[in-house]
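Working through the structure, step by step
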Amino acid sequence: MDRNFKRALSLVLKHEGGWSDHPKDPGGATMKGVTLASFRQYVKPTATKADLRKITDEQLATIYRRHYWDAVHGAELPDGIDFAAFDFAVNSGPSRSAKYLQAVVGVTQDGRIGPATLRAIRAKRAADVVNALCDKRMAFLQDLSTWRTFRKGWTRRVSDVRAEAIRMAGSSPSLPNPPTAPAKTNWLVALLQAFLAIFRRPAK
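This write-up is about the structure you can find in this document. (Residues numbered from 1 in each chain as written. Predicted model: local features only at pLDDT ≥ 70, side-chain atom pairs only at ≥ 80, totals over all residues. Heavy atoms only, no water.)

Summing up its helical and strand segments, the protein chain has ten helices and three strands in all. Order of helices (α) and strands (β) in the protein chain, N terminus to C terminus: α-β-β-β-α-α-α-α-α-α-α-α-α. By the burial criterion, 40% of the 204 residues in the protein chain qualify as buried. Contacts spanning at least 24 positions in sequence make up 62% of the contacts within the protein chain whose residues lie at least 6 apart. Total accessible area computed for the protein chain in this model is approximately 12100 Å², and 54% of it derives from carbon and sulfur atoms. (Helix = DSSP H or I, 4+ residues; strand = E, 2+ residues; numbered from the N terminus. Buried < 20%, exposed > 50% of the residue type's maximum accessible area, 1.4 Å probe, protein only. Contact = heavy atoms within 4.5 Å. Areas by Shrake-Rupley, 256 points an atom, 1.4 Å probe, with all protein chains shown as cover.)

Turning to the side chain of T30, a few remarks are in order. Locating T30 in the fold gives a position in strand 2 (residues 30-31). Not counting residues up to four positions away in its chain, the partners in contact with T30 are G18, W19, S20, T35 and L52.

This paragraph deals with the sheet that holds strand 3 (residues 34-35). Read across the open sheet, the three strands follow the order 1-2-3; overall the sheet is antiparallel. Because the sheet does not close on itself, it has two edges, and the strands there are strand 1 (19-20) and strand 3. (Pairing = 2+ DSSP bridges.)

Next up on the list: the side chain of D79. Relative to the helices and strands, D79 is located in the loop between helix 4 (57-69) and helix 5 (81-92). Overall, the relative accessible area of 10% leaves D79 in the buried class.

In this section: the packing of helix 5 against helix 6 (residues 94-105). Put simply, helix 5 and helix 6 touch, their axes get as near as 7 Å, and they point 140 degrees apart. Classified by the angle their axes make, helix 5 and helix 6 are oblique. Relative to helix 6, helix 5 is oriented so that their crossing is right-handed. For the pair helix 5 and helix 6, the contacting residues are I81, A85, F88, A89 and S92 in the first and P94, R96, S97, Y100 and L101 in the second. Split by residue class, the contact of helix 5 with helix 6 holds seven nonpolar, two polar and one charged. (Axes fitted to C-alpha atoms, helices over the stretch in contact; angles between N-to-C directions. Parallel < 35°, antiparallel > 145°, perpendicular 65-115°, else oblique. Left-handed = near helix turned anticlockwise from the far one by under 90°. Nonpolar A, V, L, I, M, F, W, Y, C, P; charged D, E, K, R; others polar.)

Next comes the structure, spelled out in structure tokens:
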């Protein structure tokens, strides 16, 4: 259920902009946030920078979905958290986004979002998870050697993501945890409890 993918992608693209080939950007040349390496991986192995600049909307959506959204299990995350984790993945890598999200909810940080992580996430208020994840993201960015170069844009981006993710979290209920099977009744214990109840009745 990818109820928020299109909305999240449109929000991400507002920050990614168009063509960029900044010499201090470790990601290298990018077009609408897609690196040449990702384009070669998912679209054309022999692609050049010129090919990347001509990326289509369909190719763009395919790369963002497979490389980032699916990597953080966006379709299974509660509203708001899905967008915050997705944007973090685009900006700093899916594994880092997943590990920081796991740190926020107190589970093993293995970078793979599975049933245990999802249960822990859904046990918390979505807005609290969003705020904690954005705080950790800012702390990570501030420790980078390129912080002074990109700090204004990064700060604005995380601030915008936080605000929008909290709005998304408040606009619809969080996904519930899967129902658990009811505990089996021990018939012998129940029988003993019934006898004890009879003997404990006050005499008339």
